[in-house]
Amino acid sequence: MSHSTIKLLEPIVVNRIAAGEASLPRISCAAVIIRPSHVVKELIENAMDANSSQIDCVVKEGGIKLIQIKDNGDGIHQNDLIIACKSHTTSKLHELEDLKNMTTYGFRGEALASISHVSHVTLQSKTSDSICAYRAAYNNGQITSKAPHPCAGNKGTVVGVEDLFYNVPLKRKTLRTPREEYEQIVSVMREYAVHHHSISFTCKKLDSNTFDIKTTGKDLKGAILQLYGSFVFTSLLFIPKTTTEACCFETFVTNPSYGDAKSTKLLLFVNHRAVENRAMKKSIEKMYSQYIPQNMHPFVYISIDVSFLSQDKVIDTISTMIEEELAKWKDDTAKTTVN
Ligand code: ADP
Ligand code: MG
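Quick notes on the rules
Residues numbered from 1 in each chain as written. Chains lettered and ligands numbered in written order. Predicted model: local features only at pLDDT ≥ 70, side-chain atom pairs only at ≥ 80, totals over all residues. Pairing = 2+ DSSP bridges. Helix = DSSP H or I, 4+ residues; strand = E, 2+ residues; numbered from the N terminus. Buried ≥ 20, exposed ≤ 12 C-beta atoms within 10 Å, placed from the backbone. Arc of directions from axis to C-beta. Core = buried A, V, L, I, M, F, W, Y, C linked by C-beta atoms within 7 Å. Domains from an automatic or database assignment. Contact = placed C-beta atoms within 7 Å. Axes fitted to C-alpha atoms, helices over the stretch in contact; angles between N-to-C directions. Parallel < 35°, antiparallel > 145°, perpendicular 65-115°, else oblique. Left-handed = near helix turned anticlockwise from the far one by under 90°. Nonpolar A, V, L, I, M, F, W, Y, C, P; charged D, E, K, R; others polar. pLDDT = per-residue confidence, 0-100.

## Here's the deal with the sheet that holds strand E15 (residues 273-274)
Taking strand neighbours across the sheet as the criterion, the five strands line up as E12-E13-E16-E14-E15 in an open arrangement whose pairing is mixed. Lying at the two open borders of the sheet, with one neighbouring strand each, are strand E12 (236-243) and E15. Where strand E13 (residues 248-254) meets strand E16 (residues 299-305), six bridges bridge the pair, whose relative direction is antiparallel. Bridging from a neighbouring strand, Cys248 pairs with Asp305 of E16.

Next comes the structure, spelled out in structure tokens:
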């Protein structure tokens, strides 16, 4: 597929998105940038929207000095580079009608704009119909170079985000240590690498020769093994795809023989977007507390497809299903020990 043109959204569409369209097939979230990992998430989603099969992330000082995400996707056309970081510019949605049929992660045209207000952004991109790549720098939503200038580069896009929150000292103060911020970035990338297992991901620190993440486009189970290790992998109960009135979901959970001493690892995807949800986490922890010791924690992967989110019902449905599997595992294990 070729790149598509970036346009400014009509005010009516912007307002409609802000008001929250109930029927959106994908959950829409404003690009809230509080930590470096939020930048990574937005940039990964853009790379995936551009049909990339390889996404490489390089980080310096926990993402505060530099986050660079390189992809091999459709690229951004030279002319579109001029307005790529402006608010409400997107290639994914033009008409009000399109809102009903969105299949991409973004469509509000806000992420690059938000990021360029709190950092120094550079974009380098090459589309398949261009003979060279083009590069430009941005600040506060505006291109700072006169025009994108030609340079050498492969098809795809390289986004550089430097000096995050250089102009927002308050936000800088709330950041954890570079080590913790980096761990959070790796954690977010691991989750995407599991869910989008057909895409190859790498992640490393700028000055390091070793990758902290390196996946090779395996199936879902293979990706979990690569990214979370054999203890998680060998303890997994695979619950087949289930469709109920509330939602359609797929979930893999560790059986009660597994326990992580640190914390519950919940990989929760709603309409293919990584989300955090306390209520879901609580429900799962409560259920597991009947099966595993208090100080131990499970690994849980849940992918939910919903068109209309009725949170309580969804959590209830999924928790019940997992609980059934855990009880069954306990029964089966008891039986084999007796025999
Ligand atoms: P949105 O994703 O909501 O459209 P963004 O601010 O994240 O808004 O991106 C603005 C536009 O820039 C996108 O619509 C897309 O056309 C282009 N873009 C951003 N990142 C990439 C990328 N990695 N590859 C190709 N195009 C990109
Ligand atoms: Mg986006």
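Still more to cover.
## Observations regarding helix H8 (residues 278-288)
For H8, the set of buried residues is Met280, Ile284 and Tyr288. Angularly, the buried residues of H8 cover 65° about the axis, an arc narrow enough to put them on a single face. Away from its buried face, by an angle of more than 90 degrees, H8 presents the exposed residues Arg278, Ala279 and Lys286.

## Observations regarding unusual backbone geometry
Look at Asn51: it is not a glycine, yet its phi comes out positive at around 65°. Take Asn51: it is sitting in the loop between helix H2 (36-49) and strand E2 (54-60). A residue is classified by how many C-beta atoms lie within 10 Å of it, and Asn51, with 15 of them, is partly exposed. The residue Glu61 is not glycine, and still its phi comes out positive at about 50°. Relative to the helices and strands, Glu61 resides in the loop between E2 and strand E3 (66-71). What makes Glu61 partly exposed here is the crowd of 17 C-beta atoms within 10 Å.

## Section: the nonpolar core
Note that soluble globular proteins tend to have their nonpolar side chains buried in a common cluster. The biggest cluster of nonpolar side chains holds 72 residues, and the ones touching the most others in it are Val40, Ile69 and Met189. For this core, the leading source of residues is helix H6 (residues 178-195), giving eight residues. There are two domains that each give this core at least three residues, and those are domain 1 (7-214) and domain 2 (235-338). When sequence neighbours within four positions are dropped, the list of residues in contact with Ile69 reads Val40, Leu43, Ile44, Ala47, Ile55, Cys57 and Val159.

## Re the packing of H2 against H6
Relative orientation and spacing of two packed helices are given, respectively, by the angle between their axes and the distance between those axes. Put simply, H2 and H6 touch, their axes get as near as 8 Å, and they point 25° apart. As the angle between them shows, H2 and H6 are arranged roughly parallel. The interaxial crossing formed by H2 with H6 has right-handed handedness. Taking contact as the criterion, the partners of Pro36, Ser37, Val40, Lys41 and Ile44 in H2 are, on H6, Glu181, Gln184, Ile185, Val188, Met189 and Tyr192. The residue makeup of the contact of H2 with H6, split by class, is seven nonpolar, two polar and two charged.

## Quick word on the confidence of the model for the chain
Of the residues in the chain, 86% have a pLDDT of 70 or more, and the chain-wide mean is 87. Below pLDDT 50 for its whole length, residues 21-30 participates in 21 contacts with residues either more than four positions away or in separate chains. The complex model carries a pTM of 0.86, and its ipTM stands at 0.98.

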